[in-house]
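This is what each chain is made of:
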Amino acid sequence: METAGRVIRCRAAVAWKAGEPLVMEEVELAPPKGGEVRLKVVATGICHTDSYTLSGSDPEGVFPVVLGHEGAGIVESVGEGVTKFQPGDKVIPLYIPQCGECKFCKNPKTNLCQICLMPDGTTRFSCKGKSLFQFMGCSTFSEYTVVAEISLAKVDHRAPLDKVCLLGCGITTGYGAAVNTAKVEAGSTCAVFGLGALGLAAIMGCKAAGAARIIGVDLNPDKFQTAREFGATDVVNPKDHSKPIQEVLVEMTDGGVDYSFECVGNVAIMRAALEACHKGWGTSIIIGVAAAGQEISTRPFQLVTGRTWKGTAFGGYKSVESVPKLVEEYMNKKLKVDEFVTHTLPFENITDGFDLMHSIARCLVNIKYNCKIEK
């Protein structure tokens, strides 16, 4: 049956309340309004940000909501005025939009577009007579979703959506932190704190930039072999040393690393990562998201003597224009993506994916929807 212009009934994993498990529900999804696109979701990753919000730890989290922001799908229909997309296009939703018009989009120094994620600020989801909030403008934990056209990237029609969906968040964020935010230089020495998906992507970015030495830091030695496969030249477990890890790294590197990356979201590790940097020029990038209300600290002397502290969102990439290029790099085998996937589950087992993410050393769970992919 033709669905364009009609309400679609489909399954979605609904977060009714903070701290409670997702519930598989039949939801109603309204057609796209002006400037919006409705798409069939083919696959989605599960990100720690989804779990963070579901737990109730995010003070800006709202419920009930359809979570998910690391997906890929196929355009089903478009709203009034949309010309860049048409039914059948393969697309990746973007949690950071790129309108191209605001002063942020026009400034090459940032990728933080300031336009609202949905043009009119409302939601297209409802269930049991209640409106469901949309998450980060994406809501990929649903068989269909609606996004603003400024929050959507059209990608190569040959791209496997169950893999490139992961470029919608974690891989892009870690990789871009190295090549865009830090601008790692050839021959430099880097340290990556936390060897999950973000950390592995940061290692991959450091290697692509030509770093001569890349030190992976983690409390779990089970992650070390994978880190080496992604490009780490050294691995360090802080539990193996009596000194603070920043002192260990300073001694290992004749004064400190040129670049460090915090990929955990722990404020104590953020401080250690900064203080592991070399006096005079060392730069530390914060990638991980700390718990609500936490603050970072260090002695001001660390900064006065030439170290730089920076943060990054989505790896500094301007989303609409950059994600298709990253997909192209993946298609040309210049960027690892397949190697990040540890588990693939059917949509109805999405809650098992959250359990896996929390229980396994390095886990990036991929959820595939039970739908036919049009050629």
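How each quantity is defined
Residues numbered from 1 in each chain as written. Predicted model: local features only at pLDDT ≥ 70, side-chain atom pairs only at ≥ 80, totals over all residues. Heavy atoms only, no water. UniProt positions renumbered as here; feature names shortened; annotations may be inferred. Pairing = 2+ DSSP bridges. Helix = DSSP H or I, 4+ residues; strand = E, 2+ residues; numbered from the N terminus. Core = buried A, V, L, I, M, F, W, Y, C linked by side-chain atoms within 4.5 Å. Buried < 20%, exposed > 50% of the residue type's maximum accessible area, 1.4 Å probe, protein only. Contact = heavy atoms within 4.5 Å.

- In the annotation of an unreviewed UniProt entry, the protein is listed under the name S-(hydroxymethyl)glutathione dehydrogenase and assigned to Labrus bergylta.
- Recorded under Sequence similarities (unreviewed entry), the UniProt text for the protein is reproduced unchanged: "Belongs to the zinc-containing alcohol dehydrogenase family. Class-III subfamily."
- In its Cofactor (unreviewed entry) section, the UniProt entry covering the protein states "Zn(2+)".

**Brief notes about the sheet that holds strand β8 (residues 130–134)**
Here's step 1: Spatially, the five strands close up into a barrel ordered β1-β2-β7-β8-β4, and their pairing is mixed.
Here's step 2: The pairing of strand β1 (residues 8–15) with strand β2 (residues 23–29) spans seven bridges and is classified as antiparallel. Of the residues in β2, the one forming a bridge with Arg-9 is Glu-28.

**Overview of the nonpolar core**
Here's step 1: One finds Val-184 and Phe-261 to be the most contacted residues of the largest nonpolar core, which totals 55 residues.
Here's step 2: Sort the elements by how many residues they give to this core and helix α4 (residues 197–208) lands first, with six residues.
Here's step 3: With residues up to four places along the chain from it excluded, the contact list for Phe-261 reads Ala-177, Ala-178, Ala-182, Val-184, Cys-190, Ala-191, Val-192, Phe-193, Ala-202, Cys-206, Ile-285 and Ile-287.
Here's step 4: Counting residues in hydrophobic clusters, the runner-up holds 40 residues, among them Leu-54, Val-65, Leu-152 and Phe-347.

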